[in-house]
Amino acid sequence: MADRVTVIGWDGSPLTAAARSALGAATLVAGAAHHLALPEVPPRAERIRLGSVSLAARRIAGHRGTAVVLADGDPGFFGVVRTLRAPEYGLEVEVVPAVSSVAQAFARAGMPWDDAQVVVAHRRTLRRAVNVCRAHTKVAVLTSPGAGPAELGLLLEGVHRTFVICEELGTDREQVTVVTSDKAADHTWRDPNVVIVIGGPVTGVPENGGWLAGGDARDPAPAPRGWALPAAAYEGPLGEGETEQLRAAQLARLGPRTGDLVWDIGCGGGAFTAEAARFGAAVIAVDRDPDACARTLAVTRRFGVQAQIVHGTAPHALEDLPEPDVVRVGGGGAAVVSAVADRRPARIVTHAATRDAAELIGRNLTEHGYDVECALLQSVELDTRAWTEKERTVGFLLSGRSRERHP
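Quick look at the structure, then. Predicted model, so just to flag it, every value in this text is computed and none were measured. Every residue gets a number counted from 1 within its own chain, in the order that chain's sequence is written. Selection of residues for local features in this predicted model requires a pLDDT of at least 70, selection of side-chain atom pairs for listing and counting requires 80 or more, and totals for whole chains, interfaces and linings are taken over all residues. Side-chain figures throughout are based on the complete set of non-hydrogen atoms in the structure, without hydrogens or water.

## Observations regarding the sheet that holds strand 7 (residues 138-142)
If you trace the five strands from one edge of the open sheet to the other, you get 6-7-10-8-9, paired in mixed fashion. One side of each edge strand has no neighbouring strand; the edge strands of this open sheet are strand 6 (117-120) and strand 9 (175-180). Averaged over all neighbouring strand pairs, the angle between strand axes comes to 20 degrees, with direction disregarded. The rule for pairing is simple: two strands pair if DSSP sees at least two bridges between them. Helix and strand assignments come from DSSP, with helices taken as H or I runs of at least 4 residues and strands as E runs of at least 2, each series counted from the N terminus. Bridge count between strand 8 (residues 162-167) and strand 9: six bridges; the pairing is antiparallel. Within strand 9, the position partnered with threonine 162 by the bridge is threonine 180. By the convention used here, residues are in contact when the closest approach between their heavy atoms is within 4.5 Å. Only the stretch in contact is used when a helix axis is fitted, and all axes are lines through C-alpha atoms; the angle between N-to-C directions ranges over 0 to 180 degrees. Relative to the sheet, helix 6 (residues 126-135) contacts strand 6, strand 7 and strand 10 (193-198), its axis offset from that of strand 6 by approximately 165 degrees.

## Side note on the environment of tryptophan 211
With respect to the helices, strands and loops of the structure, tryptophan 211 is situated in the loop between strand 10 and helix 8 (244-254). Each C-alpha atom of the pair tryptophan 211 and threonine 384 lies 39 Å from the other, and the pair is 173 residues apart in sequence.

## With respect to the environment of arginine 108
Structurally, the position occupied by arginine 108 is in helix 5 (residues 101-109). The sequence separation of arginine 108 and cysteine 166 amounts to 58 residues, and the corresponding C-alpha distance is 8.2 Å. A polar contact of 2.6 Å, which involves the side chain of arginine 108, links it to the side chain of glutamate 174. Polar contact is defined as a pair of N or O atoms within 3.5 Å, subject to the rule that within protein one atom must be able to donate a hydrogen and the other to accept it, and that residues adjacent in sequence are counted only when both atoms are side-chain atoms.

## Let's talk about the sheet that holds strand 3 (residues 46-49)
Strand order in the open sheet formed by five strands is 3-2-4-1-5, and the pairing between neighbours is parallel. Because the sheet does not close on itself, it has two edges, and the strands there are strand 3 and strand 5 (93-96). Each adjacent strand pair in this sheet contributes to an overall mean axis angle of 20 degrees, direction not counted. By the bridge criterion, seven bridges tie strand 1 (residues 4-10) to strand 4 (residues 66-72) in an arrangement that is parallel. Bridge pairing links tryptophan 10 to aspartate 72 in strand 4. Contacts from helix 1 (residues 17-24) reach strand 1, strand 2 (28-31), strand 4 and strand 5, with the element oriented near 135 degrees to strand 1.

## Observations concerning a nonpolar patch on the surface
On the surface, a nonpolar cluster with roughly 310 Å² of combined accessible area is contributed by Val380, Leu382 and Trp387. Mapped onto the elements, valine 380 comes out in strand 16 (residues 370-383). Each patch is assembled from residues with relative accessible area greater than 30% and no salt bridge, linking like charges that lie within 9 Å and nonpolar side chains (Val, Leu, Ile, Met, Phe, Trp, Tyr) that lie within 5 Å. Here, Shrake-Rupley sampling with a 1.4 Å probe gives the accessible areas, and only protein chains in the shown set may cover a residue. Each reported salt bridge corresponds to a side-chain nitrogen of Lys or Arg within 4 Å of a carboxyl oxygen of Asp or Glu.

## Points about the nonpolar core
By nonpolar core we mean a set of buried residues, namely Ala, Val, Leu, Ile, Met, Phe, Trp, Tyr and Cys, connected to one another through side-chain atoms within 4.5 Å. Note on classification: 1.4 Å probe, protein chains only; a residue is buried when its accessible area is under 20% of the maximum for its type, exposed when over 50%, partly exposed between these limits. By size, the foremost hydrophobic cluster in this structure holds 27 residues, and its most contacted members are Trp263, Ile265, Leu318, Val329 and Val340. Elements with a contribution of two residues or more to this core: strand 11 (261-265), strand 12 (282-287), strand 14 (326-329), helix 11 (333-341), strand 15 (347-352), helix 12 (355-367) and strand 17 (388-402). In terms of residue count, helix 11 provides more of this core than any other element does, five residues in total. If sequence neighbours within four positions are ignored, tryptophan 263 has contacts with Ile284, Leu318, Leu321, Pro322, Pro324, Val326, Val327, Arg328, Val340 and Arg343. In terms of nonpolar packing, the next biggest core, distinct from the first, is built from 20 residues, Val119, Leu126, Val141 and Val159 among them.

## Regarding the pattern of salt bridges
Going through the model one piece at a time under the given rule, you end up with 18 salt bridges. Across the salt bridge formed by arginine 127 and aspartate 325, the nearest N and O atoms sit 2.5 Å from each other. Note that arginine 127 is positioned in helix 6 and aspartate 325 in the loop between strand 13 (308-311) and strand 14, a separation of 198 residues in sequence. For arginine 127, a relative accessible area of 31% puts it in the partly exposed group. Measuring nitrogen to oxygen at the nearest pair gives 2.9 Å for the salt bridge that ties glutamate 275 to arginine 247. One end of the pair, glutamate 275, is in helix 9 (residues 271-278); the other, arginine 247, is in helix 8, and 28 residues separate them in sequence. Neither glutamate 275 nor arginine 247 differs from the other in exposure class; each is buried.

## Side note on the side chain of threonine 143
For threonine 143, the position within the fold is in the loop between strand 7 and helix 7 (149-155). Here the side chain of threonine 143 touches asparagine 193 through a polar contact of 2.7 Å, side chain to side chain. If near-sequence neighbours (up to four positions away) are discounted, threonine 143 is found in contact with Ala121, Gly148, Pro149, Leu152, Asn193 and Val195.

## Examining the packing of helix 8 against helix 9
Contact geometry of helix 8 with helix 9 gives a least axis separation of 11 Å together with a crossing angle of 40 degrees. Judged on the interaxial angle alone, helix 9 and helix 8 are oblique. Regarding helix 8 and helix 9, the two cross each other, and that crossing is right-handed. Contact with helix 8, carried on its side by Arg247, Gln250, Leu251 and Leu254, involves Ala271, Phe272, Glu275 and Ala276 of helix 9 and no other residues of that element. Here the contact of helix 8 with helix 9 is built from residues that sort into five nonpolar, one polar and two charged. In what follows, roughly perpendicular refers to angles from 65 to 115 degrees, roughly parallel to angles under 35, roughly antiparallel to angles over 145, and oblique to any angle outside these ranges. Crossings are sorted by hand: turned counterclockwise from the far helix by less than a right angle, the near helix makes the crossing left-handed, and turned clockwise it makes it right-handed. Basically, the charged four are Asp, Glu, Lys and Arg, the nonpolar ten are Ala, Val, Leu, Ile, Met, Phe, Trp, Tyr, Cys and Pro, and anything else, Gly included, counts as polar.

## So, the environment of valine 336
By the secondary structure assignment, valine 336 is in helix 11. The contact partners of valine 336, leaving out residues within four places of it in the chain, are Ile265, Ala314, Pro315, Val329 and Gly331.

## What to know about the pairing of strand 12
Within strand 12, six of the six residues are buried, which leaves it mostly tucked inside the rest of the structure. Of the two faces of strand 12, both are covered, the one formed by Ala282, Ile284 and Val286 as well as the one formed by Val283, Ala285 and Asp287. Alignment of strand 11 against strand 12, held across five bridges, turns out to be parallel. Each bridged residue has a counterpart across the sheet, and for tryptophan 263 the counterpart in strand 12 is isoleucine 284. As defined by bridge partners, strand 12 adjoins strand 13 across four bridges and the pair is classed as parallel.

Structure follows, in structure tokens:
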């Protein structure tokens, strides 16, 4: 096992005295090609070109001597430190940090970033990173080959965002470019790069800023407490499929979360759209009624959340939409449910007014390979002044869970 492992962050500035001391005593140095070319690397030290951090950690664990790992930026922030400290390698790690590439990018842009989301985009996580960019107004994306600015722009089709693209930060080839998301694919970008994605309605900023990193510090008014809020919270009429009890059950079964893309088909008054977005999910709301689209847009702005509104009739309006993770079908019946199931989301929820309609939809979901649950929901609202019945609603809640996709 290595006697000592020091991880040194490098941001393009001269190495600190502590970093030079550790590097000068190293008998093994791991890093990218530009790290290994630094003049401070001892000529007699064993060198490992850092590709797989796990493989490098095994080499380091078997090395008898002093090891140094060089990494860009802050190696403790989405960096190599997490892997090196994994219990299976048994390594004791010291860290000499540098300024992270995210901090550098926001500094170049002259922007605060305590209210920003930070995501890593690889080929396997690119879609989820894009969904975070859909759902939030300020996101820093740590890109990788095949999951860079061009790919981000292409997958954000239909959503306007501004990109601040910071290439090769801390080097002589550093460049900062501002483009709109629809133009990002027109260029070739150099790796490594960080993309700051900005967009969405501008609201007030609290005088003293926010209190939670990554939280939304833009709106000084606190968000309402609770979910499945009553119709009065939306300042407009809600349809029979938008009662708070039904919405609560639908949200519970879909479980929208950060990184998800939710379709809300037949968005009506926008209540479900706003609440799914408040969970951090990206939402596309679809309705054939232009007034419903306008109401949904107004509700999302009132609650300070992002949603893409599509005016059109399902199922045809769904054909060009990006793949969803979970879907609420608020209108359209079995035909729309069937079209949604063809797209294979992890979960689908809908409702029906009669048992026959519920059975038709349930059989349809089963034929598409979904495990189906159906419950009869009945709620009675009481006038608490006289404790008499005020309103009664009855409906069938159907939910389908894909057997193919992880829930």
